[in-house]
Amino acid sequence: VVANADELEVVLRDGRTFKASLIGRDEKSDVAVIKIDASELTAAEIGDSDHLEVGEWVLACGNPFQLSSTVTAGIVSAIGRTDVGLTDYEDFIQTDAAINPGNSGGALVNLDGQVVGINTAIATRTGGYQGVGFAIPINMAKQIMDSLIRDGKVVRGWMGVNIQDLNDAMTEYYGLDRPSGALVGNTTEDSPAERAGLKQGDLILEIDGEPVKNVKELRLRIAALSPGTDVRLGIMRERSRKTVT
C-alpha cells in the first residue's frame, strides 16, 4: 500500500482526511507503520493472535472496490500457514472471510472486536475472491511495529546456521516417529551458533523447552528474538540429547 508512494493520505470513517508520514516499512513481512497528527482518535483493541483457534469466527474490515467501511464474516480456516510465497517471514492466519482488492491492510477482528490480524492477500485462480484469504497475525505485526517505531527498521535475531527439514531417511536415523526439528547443515564462522558449539548434523528439537516443528518455525521464533538474547536449544547429536545455550 505504501510502496513507491510519493504521498500518503489517510481518510477516517468520519470523513476527515490527513497527510501521513511513513515511520518505517518491513518488506520481509509486508508490514509498514504510518503516522497522522489527529485528535479524537479511538484506538483499536489489540487481541492475542496466538490464542486463535481453527473454526473461530472472525470479521474482515476494509475498503474493497472502494466500498468504504465494509465488513465480511468468516472463520479461521487455518493458522501458521507458511510456504505461501508472499513474504520472507510467513505465519499467516487463513480465513474464508471475503477479502478483495482494497482489503489489504484492513483489520481481521474476533467477535470481541479485538484486532487479531492484518488482511494481506488471497489465493485465487481468477483474480477474485475464492474463499482463501490470508492475514498477518497481530502479535507478529506488533513486534514489527514496535521495532519500526523504536529503531526505524526491524532488528531480528540470528543464529548463523544453514538448516533443513528432515526427510524420511533422516527421521528414521534419528529414531523419531515423525519428521520434526531442524537439521544443521553448517554454521557461519564466529556466529552465535558456532560459539555455542553447534555442529553439522545436530538436530535442533527445542527452543527454551518448547518443541520446534520444522525449519520455518525455528526461523520465525529466532527472528522474533532481540539480538543478545540467550536461548536454550534442545538438540540431538549422534542420537543423544543435550542442551546448548
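The structure displayed is predicted, hence computed values, not measured ones.

A. Up close: helix α1 (residues 138–151). Helix length check: α1 (14 residues) gives 19 Å between terminal C-alpha atoms against 20 Å at 1.5 Å per residue, within 8%. The set of residues buried in α1 consists of Ile138, Met140, Ala141, Ile144, Ser147 and Leu148. As for α1, its buried residues are in contact with β2 (17–26), β3 (31–35), β8 (115–122), β9 (133–137) and α4 (215–223).

B. Representation of the side chain of Asn103 within the structure. Checked against the element boundaries, Asn103 lands in the loop between β6 (92–95) and β7 (107–110). Discounting residues that sit within four places of it in the chain, Asn103 has contacts with Cys61, Gly62, Asn63, Pro64, Ala98 and Asn119.

C. Region of the structure containing the environment of Ile118. Checked against the element boundaries, Ile118 lands in strand β8. With 20 residues separating them in the primary sequence, Ile118 and Ile138 have C-alpha atoms 6.6 Å apart. Contact partners of Ile118, with chain neighbours within four places excluded, come to Gly105, Gly106, Phe134, Ala135, Ile136, Ile138 and Ala141.

D. How the structure looks around the environment of Ser104. By the secondary structure assignment, Ser104 is in the loop between β6 and β7. A sequence separation of 31 residues divides Ser104 from Ala135, and the C-alpha atoms of the two residues are 8.9 Å apart. Of the polar contacts made by the side chain of Ser104, one reaches the backbone oxygen of Thr120; its length is 3.5 Å.

E. Up close: the packing of aromatic side chains. Tallied over the full model, the rule gives two aromatic pairs. Pairing Phe92 with Phe134 gives two aromatic rings, centres 5.8 Å apart and planes at 45°, and the pair type is tilted. In this pair, Phe92 is assigned in strand β6 and Phe134 in strand β9, connecting sequence segments 42 residues apart. Exposure class is identical for Phe92 and Phe134. Each is buried. Note on Tyr173 and Tyr174: the rings are 4.9 Å apart at their centroids and 85° apart in plane angle, and the pair reads as edge-to-face. Of the residues examined, Tyr173 reaches a relative accessible area of 41% and is grouped as partly exposed. Stacked on the ring of Tyr173, the Lys or Arg Arg239 has its end atom at 4.6 Å from the ring centre.

Criteria and cut-off values
- Each chain carries its own residue numbering, running from 1 in the direction its sequence is written.
- Given that this is a predicted model, residues contribute local features only at a pLDDT of at least 70 and side-chain atom pairs are listed and counted only at 80 or more, while totals for whole chains, interfaces and linings are drawn from all residues.
- The side-chain figures draw on all heavy atoms in the structure; neither hydrogens nor water molecules are used.
- We count a stretch as a helix when DSSP gives it H or I for four or more residues in a row; a strand needs E for two or more, and each element gets its number in order from the N terminus.
- A helix is expected to span 1.5 Å for every residue after the first.
- Each residue's exposure class comes from its accessible area (1.4 Å probe, protein chains only) as a fraction of the maximum for that residue type: buried when under 20%, exposed when over 50%, partly exposed otherwise.
- A contact between two residues is defined here by any heavy atoms of the two lying within 4.5 Å.
- N or O atoms closer than or at 3.5 Å make up a polar contact, with two conditions inside protein: a donor-capable atom paired with an acceptor-capable one, and, for residues adjacent in sequence, both atoms drawn from side chains.
- Working definition: a ring pair exists when centres of Phe, Tyr or Trp rings (six-membered ring for Trp) sit within 6.5 Å. Plane angles under 30 degrees give stacked, over 60 give edge-to-face, the rest tilted.
- Criterion for a charge above a ring: Lys NZ or Arg CZ within 6 Å of the ring centre, and within 35 degrees of the ring normal.

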